[in-house]
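Commentary on secondary and tertiary structure
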Amino acid sequence: MPSAPAAKNAKKPASKPASKGTQHAHGGGNGELLKHPLFDELGFPSDPNNLYRQTVSSMLTAADMMNLPHHLKIILAQPKNEIMVNFPVKMDDGEYRLFKGYRVQHNNALGPYKGGLRFHHDVHLDDVKSLAFLMTMKCSLVGVPYGGGKGGIKVDPYKHSKGEMERIVRRFTAAIAHQIGPDYDIPAPDVGSNSQHMAWIADTYSFLSEVGGRQPEAVITGKPIEYGGSVGREKATGQGVVDTLTEMLPEIGIDIKGCKFSVLGFGNVGSWTARILQDRGAKLIAVMDHTGGILNDGGIDAHSLAAHVSKAGGVANFKGAGRIDKEEFYETKVDVFVPAALEQMITEVEAKIVNCKVVAEGANAPTTPAGERVLESRGIEVLPAILCNAGGVTVSYFEWVQNKTCHQWELDRVDSELNKHMILAAKKVRDARKKYKCGLRTAAYIAALERLQAAYAIRGLFP
Ligand code: GLU
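Note on numbering: residues in each chain are counted from 1, in written sequence order. Reporting in this predicted model follows two pLDDT cut-offs: at least 70 for local features of residues, and 80 or more for side-chain atom pairs to be given and counted; totals over whole chains, interfaces and linings ignore these cut-offs and use all residues. Excluded from the side-chain calculations are hydrogens and water; all other atoms, namely the structure's heavy atoms, are used.

Between helix H10 (residues 268-279) and helix H11 (residues 302-312), whose axes approach to 8 Å, the crossing angle comes to 160°. With respect to H11, the element H10 is oriented roughly antiparallel. Note on packing geometry: the crossing formed by H10 with H11 is left-handed. Between H10 and H11, the residues in contact are Ser271, Ala274, Arg275, Gln278 and Asp279 and Ala302, His303 and Ala306, respectively. Note on definitions: angles span 0 to 180 degrees between N-to-C directions of axes, and those axes are lines fitted to C-alpha atoms, for helices only across the stretch in contact. Helix and strand definitions follow DSSP, with helices as H or I runs of at least four residues and strands as E runs of at least two, each counted in order from the N terminus. Throughout this description, any angle smaller than 35 degrees is read as roughly parallel, any larger than 145 degrees as roughly antiparallel, any in the 65 to 115 degree range as roughly perpendicular, and the remainder as oblique. Crossings are classed by handedness, with left-handed meaning an anticlockwise turn of the near helix from the far one by less than a right angle and right-handed meaning a clockwise turn. Here, two residues are considered to be in contact whenever any of their heavy atoms come within 4.5 Å of each other.

Listed below in structure tokens is the structure:
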């Protein structure tokens, strides 16, 4: 599959529909749900809207249910390393600006740290910690030999020229070059970053790494095909969402063929999920992103919309649909709703009005605990992110294997290997749900924790 031009890979995410004020107004709901003695023991932030507290809390629910030993709970509740760097970069006007970058290495019990780099003006350490934590869980669940990490730069990539972005990315790479490596910590794209950025990172790293080091480009995945990338990586997260739906929908009584769906965020994950789902016979009805909402009951062509977004920068003014506001978007009746933008977008407010049978989490942590409780009470099934969006990192693993073995796989092989991982992960989640009689998110964490627990039992704790 030819990949889209590198510069167009990263799309702007939808802006968070609930303002910070709105979220705080509903913090009480999250607060009741986020009590655990470990939070005090480890000195967690007390704000119930803190994403890190929310994500760890979901893991602890699972850990308590499966009686995970206390030492594993505390190890997994905090990252191993939190790296923060401040670095100067010369702007096009000759002035210097200081940027802040992050790399959080959460856990490497199962293999090297692995996870994306987010380029966004609103990146904070606690967000990066949450996302790194989720990578550990995701990699464990989907059966790849990696731990979890995440990083980012506090920058709006759409506000800089290509030259400025290149200098920012290369300078950030130099700042963390001694903390990453093909066998130690392997970054990748995330919101706001694309394959061109990955190429600059690989190139910069190759100059700074040991002379004669093997395959320095394996330090990062999500690269352009021309420079060590893998076919199928660009669409991989969307492909994984569709593979998960294909596995999970039949038991919920929904046929993909003819099912109606809506998507929040039309960047890499949202647009690929929509295109692949449509090719399987489903109908895209509504989309919302940072430029607004659109609706067409007769169906929106996902391929034409993707072409429009790559030119216009957002879904607004797409000819094949009418405009809708935020409430109308959430209230649109569909079978499947795919949040594929940022974290914490489905709070109690949105959860009360969504009109769907299934929420397929394409984004990381899009649903707050209070939002999830509302969805549960309304009988809406949530396919959790650590299962649903694990396709990206799985194909990143294939890219890394191809780099290490100096080999290139064909698209059929990438897709079928990905499908095997997704089917197995979905089965583990279903089995855990049956055994523990719990929701799918808790079941997904239990399945992920079981693999980590087994690794720790064999490895032991040094010294
Ligand atoms: N950023 C993606 C994620 O959240 C991909 C990570 C990777 O490929 O390492 O899963």
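The strand order across the open sheet formed by 5 strands is E1-E2-E4-E3-E5, and the pairing between neighbours is mixed. Bordering the open sheet on either side are strand E1 (81-90) and strand E5 (185-189), each of which pairs with just one other strand. On average, adjacent strands in this sheet sit at an angle of 20° to one another, irrespective of strand direction. Between any two strands, at least two bridges found by DSSP are needed for them to pair. Examined bridge by bridge, strand E3 (residues 113-120) and strand E4 (residues 148-154) share 4 bridges and lie parallel to one another. From the neighbouring strand, Phe119 faces E4, where its bridge partner is Ile153. In this fold helix H7 (residues 162-176) packs onto E1, strand E2 (96-107), E3 and E4, with an angle of close to 140° to the strand it touches most, E1.

Taken together, the 7 strands give an open sheet; going across it, the order is E9-E8-E7-E6-E10-E11-E12, and neighbouring strands pair in mixed fashion. Edge strands, defined here as strands with exactly one partner in the open sheet, are strand E9 (322-324) and strand E12 (381-383). Shown here is a sheet whose adjacent strand axes are inclined to one another by a mean of 25°, direction ignored. Pairing of strand E7 (residues 283-289) with strand E8 (residues 292-295) involves 4 bridges; the strand directions are antiparallel. Within E8, the position partnered with Val287 by the bridge is Ile294.

Turning our attention to the site of the ligand. If a single non-hydrogen atom of a residue is within 4 Å of a molecule or strand, that residue counts as near it. Near the ligand lie 14 residues; those nearest to it are Lys114, Lys138, Pro189, Asp190 and Ser396. In protein, a polar contact requires one atom able to donate a hydrogen and another able to accept it; more generally it is a pair of N or O atoms within 3.5 Å, and residues adjacent in sequence count only if both atoms are side-chain atoms. Separating a nitrogen atom of the ligand from a side-chain N or O atom of Asp190 is a distance of 2.8 Å. Arg233 is positioned with one of its side-chain polar atoms (N or O) 3.0 Å from an oxygen atom of the ligand. Isolated, the ligand exposes 290 Å² of accessible area, and the fraction of that covered by the protein chains is 95%. Amino acids outside the nonpolar list (Ala, Val, Leu, Ile, Met, Phe, Trp, Tyr, Cys, Pro) and the charged list (Asp, Glu, Lys, Arg) are all regarded as polar, and Gly is one of them. Tallied by class, residues from the shell around the ligand come to 4 nonpolar, 5 polar and 5 charged. For the area figures, the Shrake-Rupley method with a 1.4 Å probe applies, and any residue is considered shielded solely by the protein chains shown.

On to the packing of aromatic side chains. A pair of Phe, Tyr and Trp rings is counted when the ring centres sit within 6.5 Å of each other, with Trp represented by its six-membered ring. The angle between the planes then sorts it: under 30 degrees is stacked, over 60 is edge-to-face, the rest tilted. If you walk through the whole model with that rule in mind, you get 14 aromatic pairs. Both rings, one in Tyr146 and one in Tyr397, keep their centres 5.7 Å apart while their planes meet at 90°; by these two values the pair is edge-to-face. Residue Tyr146 is found in the loop between helix H6 (125-142) and E4, and its partner Tyr397 is found in helix H16 (residues 391-405); the two are separated by 251 residues along the sequence. An identical accessibility class is assigned to Tyr146 and Tyr397; each is buried. Both rings, one in Tyr330 and one in Phe337, keep their centres 6.0 Å apart while their planes meet at 85°; by these two values the pair is edge-to-face. Exposure is judged per residue with a 1.4 Å probe applied to protein chains only, and the accessible area is read against the type maximum: over 50% gives exposed, under 20% gives buried, and values in between give partly exposed. Classification of Tyr330 as buried rests on a relative accessible area of 3%. Among the aromatic side chains, those forming a connected cluster through ring pairs are Tyr146, Tyr397, Phe398, Trp400 and Trp409. Over a ring means this: the NZ of a Lys or the CZ of an Arg is within 6 Å of the ring centre and within 35 degrees of the ring normal. Over the aromatic face of Tyr52 sits the side chain of Lys129, whose NZ or CZ is 4.7 Å from the ring centroid.

The salt bridge criterion pairs a side-chain nitrogen of Lys or Arg with a carboxyl oxygen of Asp or Glu, the two atoms within 4 Å. Counted under the stated rule, the structure contains 24 salt bridges. Residue Lys150 is joined to Asp190 by a salt bridge in which the shortest nitrogen-to-oxygen separation is 2.9 Å. Taken together, the positions of Lys150 in strand E4 and Asp190 in the loop between E5 and helix H8 (195-208) put the pair 40 residues apart, joining distant regions of the chain. Note on accessibility: Lys150 and Asp190 belong to one class, buried.

Phe462 connects to Pro463 through a cis peptide bond whose omega is 5°. Its location among the elements puts Pro463 in the segment after helix H18 (440-459). Positive phi values are uncommon outside glycine, yet Lys437 reaches one of about 50°. The residue Lys437 is located in the loop between helix H17 (411-436) and H18 in this model. The exposure class assigned to Lys437 is exposed, which follows from its relative accessible area of 72%.

Let us look at the pairing of E4. E4 sits mainly inside the fold: 6 of its 7 residues count as buried. Summarising the sheet, E2 and E4 pair through 6 bridges and their orientation is antiparallel. When the sheet's bridge partners are listed, Arg103 is paired in E4 with Gly151. Viewed along the sheet, the connection from E3 through H6 into E4 turns out right-handed. Convention used here: a crossover is right-handed provided that the path from the first strand, over the helix, to the second strand proceeds clockwise when the strands point away from the viewer.

To continue, consider the packing of H7 against H8. Running from N to C, H7 and H8 cross one another at 45°; their axes reach a closest spacing of 9 Å. Here H8 runs oblique to H7, going by the angle between their axes. By crossing handedness, the relation of H7 to H8 is classed as right-handed. Listed contacts from H8 to Lys162, Met165, Glu166, Val169, Arg170, Thr173 and Ala174 of H7 are Gln196, His197, Trp200, Ile201, Asp203, Thr204, Tyr205 and Leu208. A class-by-class count of the residues in the contact of H7 with H8 yields 7 nonpolar, 4 polar and 4 charged.

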